[in-house]
Amino acid sequence: MAPTKRTLAQTLMESPLLASIYESRLWRRSPVLSALLGISFDAEQRLILDAANLQGDERVLDLACGTGIYTRPLADRLPRGHVVGLDLSPPMLRYAADAARADGLDNLAWTRASALALPFPNTTFTVVLCSAALHLMPDTGRALAESHRVLRPGGSIVLAVFRMQSGWLARATARARRGVGTRAFSTESLEQALTAAGFSAMQSLHARGGWLIVRATKPSKSSE
Ligand SMILES: C[S@@+](CC[C@H](N)C(=O)[O-])C[C@H]1O[C@@H](n2cnc3c(N)ncnc32)[C@H](O)[C@@H]1O
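The rules behind each value
- Residues numbered from 1 in each chain as written.
- Predicted model: local features only at pLDDT ≥ 70, side-chain atom pairs only at ≥ 80, totals over all residues.
- Heavy atoms only, no water.
- Near = heavy atom within 4 Å.
- Polar contact = N/O pair within 3.5 Å; in protein donor to acceptor, adjacent residues only side chain to side chain.
- Areas by Shrake-Rupley, 256 points an atom, 1.4 Å probe, with all protein chains shown as cover.
- Nonpolar A, V, L, I, M, F, W, Y, C, P; charged D, E, K, R; others polar.
- Disulfide = S-S within 2.5 Å.
- Buried < 20%, exposed > 50% of the residue type's maximum accessible area, 1.4 Å probe, protein only.
- Helix = DSSP H or I, 4+ residues; strand = E, 2+ residues; numbered from the N terminus.
- Contact = heavy atoms within 4.5 Å.

A. Representation of the site of the ligand within the structure. Taken together, 20 residues lie near the ligand, and Y22, R28, D87, A115 and S131 sit nearest. Y22 is positioned with one of its side-chain polar atoms (N or O) 2.5 Å from an oxygen atom of the ligand. R28 is positioned such that a nitrogen or oxygen atom in its side chain is 2.7 Å from an oxygen atom of the ligand. If the ligand stood free it would expose 600 Å²; the protein chains cover 95% of that surface. Across the shell around the ligand, the residue classes tally to 14 nonpolar, four polar and two charged.

In structure tokens form, the structure reads like this:
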């Protein structure tokens, strides 16, 4: 198989420098990013953690966890549960493991793997979170199908992705996105992709500015 060309976004995510500033106000907590996404990181975090609706004993997959910016608060909310942070980038995973150790968390594990070929048996997890990453992946359908496979029937997926906007801003951002190797979703296109992967009952939790946050369910009658 011919090797696929790496995008600028993929190269950036492998950078130790980005891992070191990722959680700061220079990147994920940047006021400029918050303005573009139409939501502050703190508000996004509250929304996403509430959407996960944890009782404390779940098995959670933080898909494309990066530095573990969500993995650690998830672990905090799982006194009898467990969270796995999975990512492709070694510098991100190194930062994630160091930060979790510094916080004294021991109910989490780290895996270097692709979201397109998850190294877990069917129905391993109760909740899958994939924040700020689906729009970077070359095959969205495959990533959602893999998430569906590893979720238990009745389990939930929570996604945060770039949102397709309209007008001149949309055209400018679409060009910039293609240049770096990312894409954006409308509420409808994300719902279609989730439905095609076997999910149902998609709820839109935030659909403003450049950010879309949704939750969907793997139906209880699902065969896997
Ligand atoms: C912008 S960061 C998101 C980190 C975190 N989830 C957040 O909400 O901030 C995107 C992450 O997705 C990871 N990633 C991109 N494509 C991936 C794939 N196919 N499989 C696993 N991880 C991937 C990158 O390595 C990077 O750490």
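On we go.
B. Structural view of the state of the cysteines. This model, assessed by the stated rule, comprises zero disulfides. C130 supplies the cysteine sulfur nearest to C65, a cysteine that is in no disulfide, at a spacing of 10 Å. Looking at C65, the relative accessible area reads 5%, which means it is buried.

C. Broad picture of the side chain of N107. Inspection of the secondary structure puts N107 in the loop between α6 (90-102) and β3 (108-112). Here A75 takes part through its backbone oxygen, which lies 2.9 Å from a polar atom of the side chain of N107. Once you skip the residues sitting within four places of it in the chain, N107 turns out to touch A75, L78, G81, H82 and V83.

D. View of helix α7 (residues 140-150). Across the eleven residues that make up α7, a large majority, eight, are buried. Restricting attention to buried positions, one finds in α7 the residues T140, A143, L144, E146, S147, H148, R149 and V150. Close packing links the buried residues of α7 with β1 (59-63), β4 (125-131), β5 (151-162) and α9 (187-196).

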